[in-house]
Amino acid sequence: DRESDTYEILARQNIYSLVAIPLKDKDQIIGFLGIDNPSKNLENVSLISSVTFFLMDSIAKRDTRSLLERLSYEDALTGLYNRNKFSLVMDEYELGRRKAKSLGFAYFDLNGLKKVNDESGHKAGDLLIQNTAKSLLIAFGADAYRIGGDEFTVILPDISEDAFRNMTESVKMLLAEQGISVSVGISWKGK
C-alpha cells in the first residue's frame, strides 16, 4: 500500500520491494529474515529460505546446549548450583581464573534428615532440603551450592571476615527459627 506509513519508511531507505520469510519456533513467529529489492528471478528467495532453515536449526541447537549446561550445573530439587558447578568454581579459584581479595567458605550439614525421611517420608525430607536451600539462596544468592544429599556450601568472594561470620550466623539463626538444625563449619582467607 503506497499510502501506508510502512511504504513511506521503506521508500526513504530506497526499498521498493521486500521478501520476508518468517522465523518460526514451533508455530510461533519469532522474527523475519528478508531481502530488500530482490532480483526479478527471485533466486534469492529460495536461498533465503535455506538460510532461514539453517538459522532456526542453529538457534535450536544453541537453546538445547544452554538447557543441557544449566541442567548439568543446577540441582533439580533446590534450584541451587550443584556439586559439578561447585567443583568448577573451586578449580577456577585454584587455577587463578577467578580472583578475590578474600574468600569466605561455609559448609552446612543438615541435622536429622534421615529421621525426617524415616518418620515423615521422603516428601517431608525433600521439603526440609528445599527450605534450607531457600534460606541459603536468600542470604548468599548464586554463591550457594548443594553438594550432596544434605550438604550445602557457600563460597563468598570479597567479603570481610566479620561480615562473613555475621552472615553465616544470621542464616544459622534463620534456619533455627524454622526448626531446621544445621552443623556449620566456616573458613575465611584474606589472600
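Located above this text is the structure these notes cover.
Residues numbered from 1 in each chain as written. Predicted model: local features only at pLDDT ≥ 70, side-chain atom pairs only at ≥ 80, totals over all residues. Heavy atoms only, no water.

**Student:** Just to check I follow, could you spell out the nonpolar core for this structure?
**Tutor:** Across soluble globular proteins, nonpolar side chains show a tendency to be buried alongside one another. By size, the foremost hydrophobic cluster in this structure holds 20 residues, and its most contacted members are F108, L110, L136, F140, F152, V154 and F164. The set of elements that each furnish at least two residues to this core consists of β3 (103–110), α5 (122–140), β5 (151–157) and α6 (161–177). A per-element tally of this core places α5 first, with 5 residues. For F152, the contacting residues outside a window of four places in its chain are L80, A106, Y107, F108, L110, I129, T132, A133, L136, Y145, R146 and I147. Counting residues in each nonpolar core, the second largest holds 6 residues, with F86, V89, Y93 and I147 among its members. (Core = buried A, V, L, I, M, F, W, Y, C linked by side-chain atoms within 4.5 Å. Buried < 20%, exposed > 50% of the residue type's maximum accessible area, 1.4 Å probe, protein only. Helix = DSSP H or I, 4+ residues; strand = E, 2+ residues; numbered from the N terminus. Contact = heavy atoms within 4.5 Å.)

**Student:** I'm lost on the packing of helix α4 (residues 113–120) against α5 in this one. Help?
**Tutor:** Any two packed helices are characterised by how steeply their axes cross, that is the angle between the axes, and by the distance between the axes. α5 packs onto α4 with a crossing angle of 145° between their chain directions and a minimal axis gap of 7 Å. Along the contact surface, α4 presents L113, V116, N117 and S120, while α5 presents H122, A124, G125, L128 and I129. Partitioning the contact of α4 with α5 into residue classes produces 5 nonpolar, 4 polar and no charged. (Axes fitted to C-alpha atoms, helices over the stretch in contact; angles between N-to-C directions. Nonpolar A, V, L, I, M, F, W, Y, C, P; charged D, E, K, R; others polar.)

**Student:** Help me understand the sheet that holds strand β6 (residues 182–189), please; the structure alone is not making it clear to me.
**Tutor:** Within a sheet, neighbouring strands are paired by backbone hydrogen bonds and run either parallel or antiparallel to one another. Pairing within the open sheet is antiparallel, and its 4 strands lie in the order β4-β5-β3-β6. Of all the strands in the sheet, just β4 (144–146) and β6 have a single pairing partner and so form its edges. Within this sheet the neighbouring strands show an average axis-to-axis angle of 15°, counted without direction. Strands in contact with helix α3 (residues 83–94) are β3, β4 and β5; relative to β5, the strand with the most contacts, it is inclined by about 35°. On top of the sheet, α5 reaches β3, β4 and β5; it is set at about 5° to β5, its chief contact. (Pairing = 2+ DSSP bridges.)

**Student:** Even after reading the chapter, I still don't get the pairing of β3, so can you show me in this structure?
**Tutor:** In regular strands, side chains alternate between the two faces of the sheet. Residues G104, A106, F108 and L110 point to one face of β3 and are all buried, whereas L103, F105, Y107 and D109, pointing to the other face, are not buried. One ladder, built from 8 bridges, connects β3 with β6; its direction is antiparallel. Following the sheet pairing, G104 is matched in β6 by W188.

**Student:** Looking at this model, I keep getting lost on the pairing of β5. Mind explaining?
**Tutor:** Counting buried residues along β5, 5 of its 7 residues qualify, which places the element largely inside the surrounding structure. As judged from the 7 bridges shared by β3 and β5, these two strands associate in the antiparallel manner. In the strand pairing of β5, G104 is matched with L156. Direction of pairing for β4 relative to β5: antiparallel, over a ladder of 3 bridges. Paired with A144 across the two strands is V154, which belongs to β5. Between β4 and β5, which pair antiparallel and follow one another directly, the connecting turn spans 4 residues.

**Student:** How should the packing of aromatic side chains be read in this particular structure?
**Tutor:** Each aromatic ring pair is specified by the distance between its two centres and by the angle formed by the two planes. In total, this model carries 5 aromatic pairs according to the counting rule given. Between F86 and Y145, the ring centres sit 5.6 Å apart and the planes meet at 70°, which makes this aromatic pair edge-to-face. Of the two residues, F86 is situated in helix α3 and Y145 in strand β4; the sequence distance between them amounts to 59 residues. For the pair formed by F86 and Y145, the shared burial category is buried. Seen from their ring centres, F108 and F140 are 6.4 Å apart, and the 55° between their planes marks the pair as tilted. With a gap of 32 residues between them, F108 in strand β3 and F140 in helix α5 connect regions that are remote in the sequence. In terms of burial, F108 and F140 fall into one category: buried. A network of ring pairs unites the aromatic residues Y81, F86, F105 and Y145 as a single cluster. When the ring centre of Y73 is taken as reference, the NZ or CZ atom of K85 above it lies at 5.3 Å. (Phe/Tyr/Trp six-rings, centres within 6.5 Å; stacked < 30°, edge-to-face > 60°. Lys NZ or Arg CZ within 6 Å of the ring centre and 35° of its normal.)

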